[in-house]
Amino acid sequence: MESLKLDTSNIIIGLEAATKEEALSQLAKRMYNNGYVKASYENAVIEREASFATGLPTVYCSVAIPHTDIQHVNSKSIGVAVLKETVPFVIMGELEATTDVKLIFMLAMDKEDTQLSLLQKLMGIFQNNQILEAIATSTNSTHIVDIIEHEIREA
């Protein structure tokens, strides 16, 4: 994934949030403060999640992959949140069924065609319990970046 920026400053370990909106807001604000997304990104990603759910029940822990349109993005990046306590997200493709999400991978893509490619690479992570566990239990943002970079470059 050329020019994809995985920055330790876009990783929040032990994120405390009572709702998915609160979790999304905190991670989007972090990415905005670091210059990766525009001010409009936060509301856009929350609105998109309400219409197109991104919760994925995986075996080790559920994940969410929120994202929104490219016009809200300054540069291609991923924000990652490891939630202190799980938060319910509606399951992708469902209307009401939820899954308790532990990990959020917030995508900020600057081109339409790169999003699908990245999602395919991330699916490899989501299907590997050992990798999910390593990310979910890590206390070091550099370690999380190293794991994700290795997996998306290998894919």
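Sequence order sets the numbering: in each chain, residues are counted from 1 along the sequence as written. Local features in this predicted model are restricted to residues of pLDDT 70 or higher, and side-chain atom pairs are both shown and tallied only at a pLDDT of 80 or more, whereas totals for entire chains, interfaces and linings draw on every residue. Each side-chain value is worked out from all heavy atoms of the structure, with water and hydrogens disregarded.

> What is the right way to read the overall build of the chain from this model?
Summing up its helical and strand segments, the chain has 5 helices and 5 strands in all. In this description a helix means any DSSP run of H or I spanning at least four residues, a strand means any run of E spanning at least two, and both kinds are numbered starting from the N terminus. Each helix (α) and strand (β) of the chain, taken in turn from the N terminus, gives the series β-α-α-β-β-β-β-α-α-α. We compute the radius of gyration from the C-alpha atoms alone; for a globule the expected value is 2.2 Å times N to the 0.38, where N is the number of residues. Relative to the 2.2 N^0.38 estimate, which gives 15 Å for 155 residues, the radius of gyration of the chain is 14 Å and therefore close to what a compact globule would have. Dimensions along the principal axes, computed over C-alpha positions, put the chain at roughly 35 × 35 × 25 Å. Taking all 155 residues of the chain together, 50% fall into the buried category. Pairs of residues are marked as contacts when any of their non-hydrogen atoms sit within 4.5 Å. Long-range pairs, those at least 24 residues apart, make up 69% of the contacts in the chain between residues at least 6 apart in sequence. Looking at charge distribution, the chain has the averaged site of its 12 positive side-chain charges lying 5 Å from that of its 21 negative ones. Throughout, exposure labels follow a simple rule: accessible area from a 1.4 Å probe, protein chains only, divided by the maximum for the residue type, with under 20% read as buried, over 50% as exposed, and the rest as partly exposed. All tallies of charge rest on Lys and Arg as positive and Asp and Glu as negative; His and the ends of each chain are not included. By convention, the point assigned to a charge is CZ for Arg, NZ for Lys, CD for Glu and CG for Asp.

> Can you help me understand the sheet that holds strand 1 (residues 11-15) in this one?
Two orientations exist for strands paired in a sheet by backbone hydrogen bonds: parallel and antiparallel. Here, strands pair whenever DSSP counts at least two bridges between them. What the 5 strands build is an open sheet, ordered 1-4-5-3-2; its pairing is mixed. Bordering the open sheet on either side are strand 1 and strand 2 (55-56), each of which pairs with just one other strand. Strand direction decides the pairing type here: strand 2 and strand 3 (residues 62-64), joined by 2 bridges, are antiparallel. The residue of strand 3 that forms the bridge with L56 is V63. The sheet contacts of helix 1 (residues 20-33) involve strand 1, strand 4 (77-90) and strand 5 (98-108), and relative to strand 4 the element is tilted by about 165°. Orientation is described by axes fitted as lines to C-alpha atoms, over the contacting stretch for helices, and by angles from 0 to 180 degrees between their N-to-C directions.

> Would you explain the nonpolar core in this entry?
The nonpolar side chains of a soluble globular protein tend to be buried with one another. In this description, a nonpolar core means a group of buried Ala, Val, Leu, Ile, Met, Phe, Trp, Tyr and Cys residues linked to one another through side-chain atoms lying within 4.5 Å. If you look at the biggest cluster of nonpolar residues, it comprises 28 residues, and the most contacted ones within it are L103, F105, I125, F126, I135 and I148. When contributions to this core are tallied by element, the ones reaching two or more residues are strand 4, strand 5, helix 3 (112-126), helix 4 (129-137) and helix 5 (141-154). Once you skip the residues sitting within four places of it in the chain, I125 turns out to touch I131, L132, I135, I148, E151 and I152.

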